[in-house]
Each structure stands twice: as C-alpha cells, then as structure tokens.
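Each chain, letter by letter, is given below.
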Amino acid sequence: MVDIGLFTQIVINGLLLGGIYITIGVGFSLAFGVLEVVDFAVGEYVMVGAFMGAVLAPVFGAEGIFVIPIVLVVFFLAGSLIQPLIHHVTTGDRPHPLLMGLVFTFGLATFLRGSVLTIFGPNNQDVPSSLLTGGVTVPGVGTFPVVRTVTAVFGVTGLLVFMYYLYRTRGGMAIRAIAEDRTNARLMGININRYQSIAYGAYAALTGSAGVFIGMIFTANPGMGLQYTAFAFFMVVLAGMGYLPGVILAGIVLGLTQSFTAVYISGNLVLLVLFAIIYVVLLVSPAGILGKGEWAT
Amino acid sequence: MSGPVPSLDRLPGDPRYWYAGLAVLLVAWPLLFGAFWARIGLGALMWIGLAQSWNMIGGYAGYLDFGHGAYFGIGAFAAGIAMAQFGYPFLVGFGLAIVVSSIVSYLVAVPTLRLTGAYFAIATWAFAESIKQTALVTGITGGTFGLSLPRSPDTFVGVPVPFAISETFFYYAMLVLCLATMALTYYLFERHEFGYRVKALRDDQDAAESLGIDTTRVKRQVYVLSCVVAAVFGSVHAWYIVYIHPNDVLAPIITDRMVIMALLGGLGTLTGPVAGGLLVFLLERLSSVFLGSTTFYLPLIGVLIMVTVLFAPSGIIGILRGEVDRDDVRKNVKELGEKFDLL
C-alpha cells in the first residue's frame, strides 16, 4: 500500500528540490550556449559554494543564508576571471578545441576538489542555519520544510532575475547575440570578452549560491561535486540540448526522481536510476523528453 | 614525427643500445632493487598500461570515457568472485574478467556512443558510479565487506606452481601485460589500417563516414577493446592486492588518474601515457612521502592540466618532440592577455 501522506510529502520535497536544480541547469546550459563549453566544473562550484557556507556561516552568527551575498560576489568575480581562460582554450589554432575546453574544466574541477579535500579533509561539514529550521504544515497536504521552501524560492527568483537580464536588457541581448553567432556579434561592436565574462560569472554565482543552499539542506562534502555535475548533465540531456523550457521540466523531474528513489528504493541508488533514465531517453528520444532540443550528440 | 618512441630516438648514440638497456633494466628491476622497488615498479607499469587503455578510446578515438575505472573494477571483481566465491584458479578469473567486461562494455557502448564530448563523458561516469553502488549492495561482490582472494601456489592454474606468488611474480605479470598493451596499441593504432579508421572518425566523423568507414562499428570496437584491457589489469591487481572493496577498485579516482596520465603525456600518442603515467604516479608517491599528504597531488595535477591545455595542448610528448617551443608559449600568453580585456 502506498501511504498517501508520505507520497504527497515526497512530491513536495521533490518539487522544492527541483527549484534549486533548475537554477543550476539553466546556468549550465547558458554557459554551454554562450561559451560553447560543457563545463565539467559545475558540480565543484556547488561544492565550493557549500564549503564557503560551512566556513563563513559561523562568522555570521551561524546563519548560512547571510553568506549568500558574499558567495554571489566572489563567484561572479572568480567566474569572470575564469572565462577568458576557457575562451582561450576553445579558440585559436589548436587541435580539438571542444575537447580541450572539456579537459580544461576537468583540470579546474580536479584542482577545486583536491584543494578543498586537502584543506578540509574528507569529512562532512554542516552549513548551519538557525533561521531556516522546522517546517510549515499545511493540513491535508503535508509539511513544507522552511529551508527547502526558501531554497526553491531563491532558485526561482534567481532564475527570473537571470531571465529578465537575458531577455529585457541590452546586456542580455548582447549575450544572446554571442550565443547565436560569436563572430557576427563581435562585428556588431559587442565586447565579447566582457559579455562572455558576465554570462559565465552570473552562472558561477548562481551555481555557487545554490551550493550554499544544497549545503544547508544536505551537508558539504569535498566529494559531492561530481554528483551535481552529473545532475546538470542529466537535466540538459533530459531537456534536449539547448532548449531552456525543457531544463525547467527536467529540474523538476530530477528533484522528484531523487526524492522518490531515496524513499522507495535507496538513497545510494539515485545515480543508478538516473543512468537508467538517461539510457532509455537516449535510446528512445535523443532530442529530450519534450523532443524539442537538438539531438544529443 | 620520428618513429614509435621519439624520445629515445633523439638521444645520442645508436637508439638500439638505449632500447637494449631499457629492456635489461625492466627485466632486472626487481632483482636489482628488491621487493619495495618491485612494488613501485609494478604500480608504475600497471598505471602506464591503464593510461594506455584509456588513451585508446580517449586519445585515439577522441571519446572522453570518464567511467573507464568501472572496467578496472569489473575485472577485479570478476577475478575476485571466481576465486573467492567459487574457488576457481586465477586463470579462470582472468578469462571471466575478459568475457564479462567485453559483454558489459558492448551493452554500454550501444546507447552511450551515440553521445559525444561531455555528454559521453558524463554518461559513462554515471555508469561507473552506478556500478559501484550496485557492487556495494549485492551479495556476490561481498557488498560493503569486500572480498579476500586466496594467494597460495595452487591458485594460479589450479595445480601448485614451482615459484612463489610474490611481489616479483606480480612485477613480471604487470611487465608482460604492460608491454603487451604497448605492442597492441602500436600495432593496432600506429601501424594497422584500424588505427587510421579510428583517427579519421575522431578528426571528422562525417568525412570518415563518407569514405565508407562504419564509424558506429569502429567506435564500439575501440571502446570494447580499451575496456577489456582495463579489466585485465583489474583482475591481476585484485589478485595482487588480495583484498578488494567496491570503494577501492571502483573509486572514481581510478578513472581520474588514467585520464590525467594520458592527458599530461599527450593524447593519441603511443608514448604519451608512458610519460604521463610515470610523472603522475611518481608525483603521487612523492607527495605522500615528502609532504605527508595523500591528496595534495590532486590540486597540483589540476593546475598541471590547466597549464598544459593552455600553453602546450599536445602534452609532455609534444614538448619533447619540439612541437611546442618558447615562441608558441609567448604567442599563447599574448593572446590570452587580450581575452582579459573585459571592461
């Protein structure tokens, strides 16, 4: 027998979790669109964000949420400075530029993971938050844990602000122009270095702050990054390459899959289930579950 | 390009003497330096072989397999299950490792080789992770307890052998496997028509297809081959290390090491994995001995990869071959500086 109360509770948890995954997925596919680089370091940004939360939260009265503005600024600056390096390895006369971009971000990921592992050791670290505890119970529906709700609200807000910038401002127009055609955008007088850095910085900032929230919901661990890299790729494959509305659906599917697998099967088998889903999606519908993306190649 | 082993050909004197000297050194190594150095040597040989196996799919075919370590683990567990659970001799486990890894890698190849680049990388990574999780919860692999393999003299072929199954024995086993892997790579990828097909599909899949190359078939062949090689090393490693656990032989760090070694050395070259394998293996050992940190080599290697990709994309071998000189680096730095024009 399926317990209805438990079932709706899992749906709530999954949906709220999906909110933050969407943020990661959208930033990730934007970085792919603008820089034409598939970023292997995405999960490590989540991990470093979570560790910044764990380290800085005690400074701010054990309140992880106060760390968010710092994380946003630090990651934006770091991302803006990393972007020119990625741009450099994916352009110019070198063999297999795309492969090189991937390899570079792999090196970056190894560097970040190794540094955190060496400095903080392999153990879990808590990201404390005293404000975001407990939950609000809605009779007949279930409990909305405060930390997950705030996280989802942050995720959706971040997404909306990001979308507003992308579709309603001149800067956003420049970024979309670069994603469309980098050479032509440059010919139109767009400083592609600057706008690529803004795009990558914004993506890094969103991902890093998502990491703080993920650290508050679960915990911070030096090895957690790879899982979120896998999640980001999973969302993009599921959504269909380059199809943003698909990412939103895929984020929700991911959140639900994770919470259902954790409760009904086993928390350790989430990746196995995700791999099975990717396996089937690629065999049956390589253009994503909505069939509107480019073919996954 | 100058011959199969350019770094040796560039040394002064007749290269044949250098090859002969190297051969003598490799054979005499454990006899000259004892068990400790035999252990270091067999580790280096195993990692060179594994890096080469990754180089087949990652370097020659251009498919970044981030789940390659899974086959090392599959090989280890195939041998482990055959020996510890069913009491078969090692050779049966060895054969089982080859059979199981070829079947599994073929099944994985069919959907995942539809992907390229990062999507292939992450799909294979997720596969490796799911194999590890499965190994942790199933009974036959010993689950979270792991497996202990027997190592008495009759566990090699079923009847007692007249020599000890010792460090020296495993050194020679790894030496044979490593040389066989090198020879296979040299023959298949540098001399045989197969290698030209593989490189053609890496450089331009559509063009290769238009010339009548069945790229799907070739890709699957390379993938299965490279996975079986990794599994073979895994099976010997399991017997050597005696106790295997999913968190050890299926750890993602195994894949990471293979990738890093092949990359640093030079992708798609015969000698790249040798140079990279030696460098990374020694860096790791030295950092744990001299710095007292078993993880410090990771950020070091991360930086090394980034610097290599930025300034010397053809790896150490590219530098040794003289493909990358000071002017290239200077030009690279200048171009990179221009990209920091952000305001």
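See the structure printed just above.
Trainee: Help me understand the overall build of chain B in this model?
Mentor: Within chain B, the secondary structure is distributed over 15 helices and two strands. The C-alpha radius of gyration computed for chain B amounts to 21 Å, which stays within 12% of the reference 20 Å derived for 343 residues, consistent with globular compactness. C-alpha extents for chain B along the principal axes are approximately 65 × 50 × 45 Å. For chain B, with 343 residues in total, the buried portion stands at 53%. Of the side-chain charges in chain B, 21 are positive and 23 negative, and the distance between the mean point of each set is 2 Å.

Trainee: Honestly, the overall build of chain A in this entry has me stumped. Any pointers?
Mentor: In terms of helices and strands, chain A carries 11 helices and two strands. Scaling as 2.2 N^0.38, a compact globule of 297 residues should have a C-alpha radius of gyration of about 19 Å, and chain A matches this with 19 Å. Dimensions of chain A, computed from the C-alpha atoms along their principal axes, are close to 60 × 50 × 40 Å. Taking all 297 residues of chain A together, the buried fraction comes to 57%. When contacts within chain A are restricted to residue pairs at least 6 apart in sequence, long-range pairs at least 24 apart make up 75% of them. When the accessible surface of chain A is totalled, it reaches about 11,700 Å², and 69% of it is carbon and sulfur. Mean positive and mean negative side-chain charge positions of chain A (10 and 10 charges, respectively) differ by 10 Å.

Trainee: Where do I start with the pairing of strand E1 (residues 135-138) of chain A in this structure?
Mentor: Along any regular strand the residues' side chains alternate between the sheet's two faces. All names here are of chain A. As paired elements, E1 and strand E2 (residues 142-145) share four bridges and run antiparallel to each other. The partner of Gly135 across the bridge, within E2, is Pro145. Between E1 and E2, which pair antiparallel and follow one another directly, the connecting turn spans three residues, one of which, Gly140, has a positive phi of 85°.

Trainee: Help me out: how do you make sense of the nonpolar core in this one?
Mentor: Soluble globular proteins: nonpolar side chains tend toward being buried together. Of all hydrophobic cores here, the largest spans 193 residues; its most connected members are Tyr21 and Tyr45 of chain A together with Val222, Tyr223 and Trp239 of chain B. The element best represented in this core is helix H8 (residues 192-217) of chain A, accounting for 15 residues. Here Tyr223 of chain B is in contact with Ile57, Asp65, Tyr71, Ser105, Val108, Ala109, Leu113, Phe120 and Thr124 of chain B, once residues within four sequence places are set aside.

Trainee: Teacher, can you tell me more about the side chain of Ser130 of chain B here?
Mentor: The residue Ser130 of chain B is located in helix H5 (residues 117-137) in this model. Discounting chain neighbours no more than four positions away, the residues touching Ser130 of chain B are Leu271, Leu272 and Phe275 of chain A.

Trainee: Is there a simple way to explain the packing of helix H3 (residues 69-85) of chain B against helix H4 (residues 90-112) of chain B in this structure?
Mentor: Residue and element names in this part refer to chain B. Taken N-terminus to C-terminus, the directions of H3 and H4 make an angle of 140°; their axes are 8 Å apart at the nearest point. The pairing of H3 with H4 is recorded here as oblique in orientation. As for how H3 packs across H4, the hand of that crossing is right-handed. Across from Tyr71, Ile74, Gly75, Ala78, Ala79, Ala82 and Met83 in H3, the residues of H4 making contact are Phe90, Gly93, Leu96, Ala97, Val100, Ser101, Val104, Ser105 and Val108. A breakdown of the residues in the contact of H3 with H4 according to their chemical character gives 12 nonpolar, four polar and no charged.

Trainee: When you look at the packing of aromatic side chains in this model, what are you seeing that I'm missing?
Mentor: All names here are of chain B. Counted under the stated rule, the structure contains 38 aromatic pairs over all chains. Between Phe169 and Trp239, the ring centres sit 5.8 Å apart and the planes meet at 85°, which makes this aromatic pair edge-to-face. Residue Phe169 is located in helix H6 (residues 167-191), and its partner Trp239 is located in helix H9 (residues 215-241); the two are separated by 70 residues in the primary sequence. By the burial criterion, Phe169 is buried, and Trp239 matches it. Taken together, the ring pairs connect Phe90, Phe94, Phe156, Phe163, Phe169, Phe170, Trp239 and Tyr240 into an aromatic cluster. Above the plane of the ring of Tyr196 lies Lys199, whose end atom (NZ or CZ) is 5.7 Å from the centre.

Trainee: When you look at the side chain of Gln133 of chain B in this model, what are you seeing that I'm missing?
Mentor: For Gln133 of chain B, the position within the fold is in helix H5. Residues contacting Gln133 of chain B, with those up to four places away along its chain left out, are Asn268 and Leu269 of chain A.

Trainee: Got a minute to help me understand helix H11 (residues 270-284) of chain A in this structure?
Mentor: Every α-helical turn comprises 3.6 residues, leaving residues that sit three or four positions apart pointing alike. Its 15 residues give H11 of chain A an end-to-end C-alpha distance of 21 Å, which sits within 8% of 21 Å, the value for a rise of 1.5 Å per residue. For H11 of chain A, the set of buried residues is Val270, Leu271, Leu274, Phe275, Ile278, Val281 and Leu282 of chain A. Taken around the axis of H11 of chain A, the buried residues stretch over an arc of 130°, which confines them to a single face. Among the structural elements, helix H9 (225-239) and helix H10 (244-266) of chain A together with H4 and H5 of chain B are those in contact with the buried residues of H11 of chain A.

Trainee: Got a minute to help me understand the environment of Tyr297 of chain B in this structure?
Mentor: Secondary-structure assignment places Tyr297 of chain B in helix H13 (residues 297-311). Those residues in contact with Tyr297 of chain B, other than ones at most four positions away along the chain, are Ile253, Arg257, Leu283, Glu284 and Ser287 of chain B.

Trainee: Please clarify how a negative patch on the surface should be interpreted in this entry.
Mentor: A cluster of acidic side chains, namely Asp204, Asp206, Glu209 and Asp214 of chain B, defines a negative patch on the protein surface. Counting through the fold element by element, Asp204 of chain B comes out in the loop between helix H7 (193-203) and helix H8 (205-210).

Trainee: Would you mind showing me how to read the pattern of salt bridges here?
Mentor: If you walk through the whole model with that rule in mind, you get 11 salt bridges over all chains. Glu44 of chain A is paired through a salt bridge with Arg113 of chain A; the nearest N and O atoms lie 3.0 Å apart. Pair noted here: Glu44 of chain A is in helix H2 (residues 42-56) and Arg113 of chain A is in helix H4 (residues 97-120), with a separation of 69 residues, a long-range link. Judged by its relative accessible area of 1%, Glu44 of chain A is buried. What makes Arg113 of chain A buried here is its relative accessible area of 11%. Across the pair Arg330 of chain B and Asp327 of chain B runs a salt bridge, and its minimum N-O distance is 3.6 Å. Highlighted residues: Arg330 of chain B and Asp327 of chain B, both in helix H15 (residues 326-339), separated by three residues, approximately one helical turn. Pair check on accessibility: Arg330 of chain B and Asp327 of chain B agree, each one exposed.

Parameters and conventions
Residues numbered from 1 in each chain as written. Chains lettered and ligands numbered in written order. Predicted model: local features only at pLDDT ≥ 70, side-chain atom pairs only at ≥ 80, totals over all residues. Heavy atoms only, no water. Helix = DSSP H or I, 4+ residues; strand = E, 2+ residues; numbered from the N terminus. Rg over C-alpha atoms; globule rule 2.2 N^0.38 Å. Buried < 20%, exposed > 50% of the residue type's maximum accessible area, 1.4 Å probe, protein only. Lys, Arg positive; Asp, Glu negative; His and termini not counted. Charge placed at Lys NZ, Arg CZ, Asp CG, Glu CD. Contact = heavy atoms within 4.5 Å. Areas by Shrake-Rupley, 256 points an atom, 1.4 Å probe, with all protein chains shown as cover. Pairing = 2+ DSSP bridges. Core = buried A, V, L, I, M, F, W, Y, C linked by side-chain atoms within 4.5 Å. Axes fitted to C-alpha atoms, helices over the stretch in contact; angles between N-to-C directions. Parallel < 35°, antiparallel > 145°, perpendicular 65-115°, else oblique. Left-handed = near helix turned anticlockwise from the far one by under 90°. Nonpolar A, V, L, I, M, F, W, Y, C, P; charged D, E, K, R; others polar. Phe/Tyr/Trp six-rings, centres within 6.5 Å; stacked < 30°, edge-to-face > 60°. Lys NZ or Arg CZ within 6 Å of the ring centre and 35° of its normal. Expected span 1.5 Å × (residues − 1). Arc of directions from axis to C-beta. Patch = residues over 30% accessible without salt bridge, like charges linked within 9 Å, V, L, I, M, F, W, Y side chains within 5 Å. Salt bridge = Lys/Arg side-chain N within 4 Å of Asp/Glu carboxyl O.

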